[in-house]
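An overview of the molecular structure
Next come the chains, spelled out residue by residue.
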Amino acid sequence: MTDQEAALTIRNLSLRFRGLVALEGVSFEVPAGATFGIVGPNGAGKTALLNCISGIYRPSQGSIRVFGTEVVTRAPHRISALGIARTFQSTEHFSEFSVLDYVLLGRIDHLRCSVTGSLLLWPARQRLERQERRVVMDVLESLGLAEHASSRLGQLPYGIQKRVDIARAVAAAPKMMLVDEPTSGTTTSEREDVSRAIDSAAQSGITIVVIDHDVSFVRRHCGTIVVMDSGRQLALGAPVEVLQRPDVIEAFLGPSLAAGN
Amino acid sequence: MPAAPANLADGSRAREWLVVKTVAPWIIAAVAAVVLVEASNAFLLLMIGTIVIYSISAIGLTWLMGRAGLVSIGNAAIMGVGAYITAIASAKPVISDFPIPILLSAVGGMVAGLIVGLPGLRIRGIYLAISTLALQYFVTFAGSEYEQLSGQPSGLVVTPLSIAGHTFLYGRGLVLILLAFLGLTVLLVRSVLRQGPGRMFGAIKESEIAAAAIGVNTTRWKLAAFVGSSAVIAVAGSLFAYYTEVVDSATFSLDFAITFIVIIIIGGMGSIPGAIVGAVIVVGLPHLLTMVTSSLPQAGIGQWLQSNVFYINEGLFGFLLLLVIIYQPDGLAAATQAWPGLRHLPPRLKRHRPTAGSRREPTVAPVTKCAAPAITAMPRPDQPESGDHRVQLAQIEGLAVTYRGGARAVDGLNMTIDRGAIVALLGRNGAGKTSTLRAISGFLPAERVRLEGSIRVAGHQLLGMTPVTASKWAMLVPETDKIFPSLTVEEHLRIRPGRPDADVQEQPFFAPLRNRWHQRAGLLSGGERQLLALAMAWQQRPRLLLVDEFSLGLAPVAIQRVAEVIRALRDDYGMSCLVVEQNVAAALQVADWVYLMEAGRITAEGPPDTVAAEALVGQSLLLQPEGGEP
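Rules of the game
- Residues numbered from 1 in each chain as written.
- Chains lettered and ligands numbered in written order.
- Predicted model: local features only at pLDDT ≥ 70, side-chain atom pairs only at ≥ 80, totals over all residues.
- Heavy atoms only, no water.
- Helix = DSSP H or I, 4+ residues; strand = E, 2+ residues; numbered from the N terminus.
- Buried < 20%, exposed > 50% of the residue type's maximum accessible area, 1.4 Å probe, protein only.
- Contact = heavy atoms within 4.5 Å.
- Lys, Arg positive; Asp, Glu negative; His and termini not counted.
- Charge placed at Lys NZ, Arg CZ, Asp CG, Glu CD.
- Polar contact = N/O pair within 3.5 Å; in protein donor to acceptor, adjacent residues only side chain to side chain.
- pLDDT = per-residue confidence, 0-100.
- Pairing = 2+ DSSP bridges.
- Axes fitted to C-alpha atoms, helices over the stretch in contact; angles between N-to-C directions.
- Phe/Tyr/Trp six-rings, centres within 6.5 Å; stacked < 30°, edge-to-face > 60°.
- Lys NZ or Arg CZ within 6 Å of the ring centre and 35° of its normal.
- Parallel < 35°, antiparallel > 145°, perpendicular 65-115°, else oblique.
- Left-handed = near helix turned anticlockwise from the far one by under 90°.
- Nonpolar A, V, L, I, M, F, W, Y, C, P; charged D, E, K, R; others polar.

Let's talk about the overall build of chain A
The helix and strand tally for chain A stands at 11 helices and 10 strands. By its C-alpha atoms, chain A is 65 × 40 × 35 Å across when sized along the principal axes. The buried share among the 261 residues of chain A stands at 59%. Considering only contacts within chain A whose residues lie at least 6 apart along the sequence, 64% involve residues at least 24 apart. A gap of 7 Å separates the mean positions of the 27 positive and 27 negative side-chain charges of chain A.

Thoughts on the side chain of Thr183(A)
Take Thr183(A): it is sitting in the loop between strand S7 (176-180) and helix H7 (188-203). Side chain to side chain, Thr183(A) and Asp212(A) meet in a polar contact 2.7 Å long. When residues no more than four places from it in sequence are discounted, the contact partners of Thr183(A) are Arg191(A), Val194(A), Asp212(A), Asp214(A), Phe217(A) and Arg428(B).

Focus: the confidence of the model for chain B
Residue and element names in this part refer to chain B. Considering every residue of chain B, the mean pLDDT works out to 81; 85% of them sit at 70 or more. Element-level pLDDT for chain B is lowest in helix H14 (residues 373-377), with a mean of 32, against a maximum mean of 95 in helix H9 (residues 218-244). Low pLDDT, under 50, characterises residues 619-630; the predicted model gives this stretch 33 contacts beyond four residues in sequence or across chains.

Here we look at the sheet that holds strand S13 (residues 593-598) of chain B
All names here are of chain B. The mixed open sheet is built from 6 strands, whose spatial order is S10-S11-S12-S7-S13-S14. Of all the strands in the sheet, the pair left with one neighbour each is strand S10 (474-477) and strand S14 (601-606). Within the sheet, the average angular offset between the axes of one strand and its neighbour, ignoring direction, is 20°. Alignment of S10 against strand S11 (residues 544-548), held across 4 bridges, turns out to be parallel. Looking at S11, one finds that Ala474 is bridged to Leu544. In the packing of helix H20 (residues 526-540) onto the sheet, the strands contacted are S10 and S11, and the crossing angle to S10 comes to about 165°.

A short note on helix H15 (residues 433-440) of chain B
Residue and element names in this part refer to chain B. Burial analysis of H15 places 6 of its 8 residues in the buried class, the great majority of the element. What H15 keeps buried is the set Lys433, Ser435, Thr436, Leu437, Ala439 and Ile440. Note on H15: the residue one or two positions beyond its end, Gly442, has a positive phi of about 85°.

A word on the environment of Arg58(A)
Residues and elements named next belong to chain A. Looking at the element boundaries, Arg58 is found in the loop between helix H1 (46-53) and strand S4 (61-66). As a C-alpha pair, Arg58 and His213 span 155 residues in sequence and 25 Å in three-dimensional space. Setting aside residues up to four positions removed in sequence, Arg58 forms contacts with Leu15, Val72 and Thr73.

Points about the environment of Asn51(A)
Residues and elements named next belong to chain A. Tracing the sequence through the fold places Asn51 in helix H1. A sequence separation of 35 residues divides Asn51 from Arg86, and the C-alpha atoms of the two residues are 9.5 Å apart. Apart from the residues within four sequence positions on either side, Asn51 is in contact with Ile56, Tyr57 and Arg86.

Observations regarding the packing of aromatic side chains
This model, assessed by the stated rule, comprises 18 aromatic pairs over all chains. Between the aromatic rings of Tyr54(B) and Phe260(B), the centroid separation amounts to 5.0 Å while the plane-to-plane angle is 50°, which identifies the pairing as tilted. Separated by 206 residues along the polypeptide, Tyr54(B) in helix H2 (residues 42-67) and Phe260(B) in helix H10 (residues 254-267) bring together distant segments of the chain. Exposure class is identical for Tyr54(B) and Phe260(B). Each is buried. Taken together, the aromatic side chains of Tyr54(B), Phe240(B), Phe252(B), Phe256(B) and Phe260(B) make up a single cluster linked through ring pairs. Here the guanidinium or amino end of Lys175(A) rests over the ring plane of Phe67(A), the centre of that ring lying 4.5 Å away.

Section: the packing of H2(B) against H9(B)
Residue and element names in this part refer to chain B. Closest axis-to-axis distance for the H2/H9 pair is 7 Å, and the angle between their directions is 165°. It follows that H2 is roughly antiparallel to H9 by the angle criterion. Seen along the crossing, H2 lies across H9 with a hand that is left-handed. Between H2, through Leu45, Leu46, Gly49, Thr50, Ile53, Tyr54, Ile56, Ser57, Gly60, Leu61, Trp63 and Leu64, and H9, the contact on the second element is made entirely by Ala224, Ala225, Phe226, Gly228, Ser229, Val232, Ile233, Ala236, Leu239, Phe240 and Tyr243. Residue classes in the contact of H2 with H9 are distributed as 17 nonpolar, 6 polar and no charged.

Points about the sheet that holds strand S6 (residues 408-418) of chain B
Backbone hydrogen bonds are what pair the strands of a sheet, in a parallel or an antiparallel way. Residue and element names in this part refer to chain B. Across the sheet, which stays open at both edges, the 4 strands sit in the order S6-S5-S8-S9 with antiparallel pairing between neighbours. Whereas interior strands pair on both sides, the edge strands pair on one side only; in this sheet they are S6 and strand S9 (460-461). Sitting on the sheet, H15 is in contact with strand S5 (392-402), S6 and strand S8 (450-457), with an inclination near 115° to S5.

See the structure below:
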């Protein structure tokens, strides 16, 4: 597979914090338009991996190419400008934001704004804002979140917060979405809503890299998964095959239970 | 947009109403201010002029601190920069015409803001605040030097403001001009904060890292906040120069800087009306008090009040500040602020506004015993201490935990823990496990979290207790921050008076700690830290030990060792234990009974044998081979 076809190419990626190994020798490739899963027990380095891709951590070694562009030394906002949107494991950071404002934040690469612009071209900017609000309202409506538009993010149930976060990423109209544990803390019915949101993003051709603990969720969405354990890449392949390997089961359940199976 | 045509007529009317609702209060306020200026006596006029200038400066500061979350105490210095530039420019022939000195002040303020803001790219919080102090010292020094050099040691004299040949000395006219500047400031700053830039500032305030990941250029927006707000603050300084007619370096002191921080805290961080309300209170209250005391008779208490009015004012402020911070942390303006709430939402959203009650329906999810029917029929395993007569140690009924924002982390949880049992509470991220532990151990009331239901441990109601009181019965070993990195192991075990550390040293299950006795806890391995935390908890001898994620980040061998200690504490001391885990395997190593939690409620329970484990695991946690067959 050539770089033109791959949305994400990771080669020999390592991340260390003062000797503590968070990632070691991770290599995989995600073809454009695919949905790719990252699974593994807590502390395996899954979120660290996403943080490397979105530029929050600088890897100690290795290369990350996004649509052919090396991103390892780029600032986070310049990585997101390549068409990468990312969701967070928890949305507690933005609890003071209204849902509408939060999703508008996702439009950052479409809605140019500046202090001088708002001062000198206020009416024009206001028109632009209204137009962007309509775009965002459409996204919220399509994900069944329109009724929450004026609520404060922190006041909503966790499952809805997760969907709003996905809406923010979708509103960015990205080429690739990095989705961190979209189903954590959700109820069964909320999980179905999250699943539908992922489905509709995938159908519109967005490449998706998703971390999740829910195996049925991973099976349903991901063509290929990587299993991480203690910062290392344990297995790579189709979920049906990979999740039945004894070493993978052991990584999740520990030796005693795996033997019991 | 299918909804648009239907809403069009309705929507535009709604928008008109919204405009009226938004604009009307400001117009009323403006008219009222003008009428007040016209009607006021000299004393009131002096006060109003000061309030207006302070409001402008506070609006600049509330932009920086309240909206962008950047702490600065360099604001007095920046006002000083504006004042000096105006004093100097007003004395020069060409650039003394209105509005050139004011514009020059704004530019000077922007440069100063940029300089103050540059350290902010690397440091934040209290360090940033201290770094802004550098400007404070510099301006005071440069100002007094310039005063000496120019032969005006008691301050630079400012040439009065002159517009189109009309000179404005102190009086009604000047105060009206100040009011016009306040109006302009409100308009401009509001339009910046209501549009995209406002969201960018909000994002860097909430979390710089998350904002960067979303795509916010944090460097640019932090500098924009410093530069923009400093321009506003410097204009306030410029107007201050015109108003007081003299610029003296002693004016722009640290005390002065802190006055504005008090203003925005009392009025409400980040709120423009709040900045004005704060200025009215901070400037107006002392004036009012002085007025009242001076009307009192010149004897007895009246005289005492008059001679001490300055100190009374200071004390009053301290008191007011405390009251606001404790009871109205969002500021006084927020308390009365009904009108700006909805202003930046498109009209069609208003109808959808959910009521408080619709956040989550209070439905009661039926607690299912384990999916496999065989499990419910199984008896609980014998407890080593109580044999066949199981005695309940803890009963938790209808526990609900509601955070300040309104989010419910625990939503009607019921659970019992037998005496001498080790119970595991399993569930995914965000299921409410840690909130449950923190509720039991008494940490939540201090965080203003609402608790409902009942938590009885050994007959004592723990709901609403402080952690210190609750720890007599139930003690938490938290997931993080369970040890003090700079204290040695020995020091840790001597924290609790009357419980000799030798006890711990003698315990075989705490043996690994003995080799580390004089080492700082920050150098311990994850497993040793966990042992140390357990040892400290054991010193307290609680009836119920609450352990949050003991396996996190531990190697399998270490997990096993910690599990052994938890079991030993139960076997030797009858200490019951509630373990919260995401690592199913680790939990099942120790547990006699397992609860599964999802979205704030218990959804299943059962013994931890293989069948139960599989059922629990299959239900939602980890690997489940499709169709139940590996």
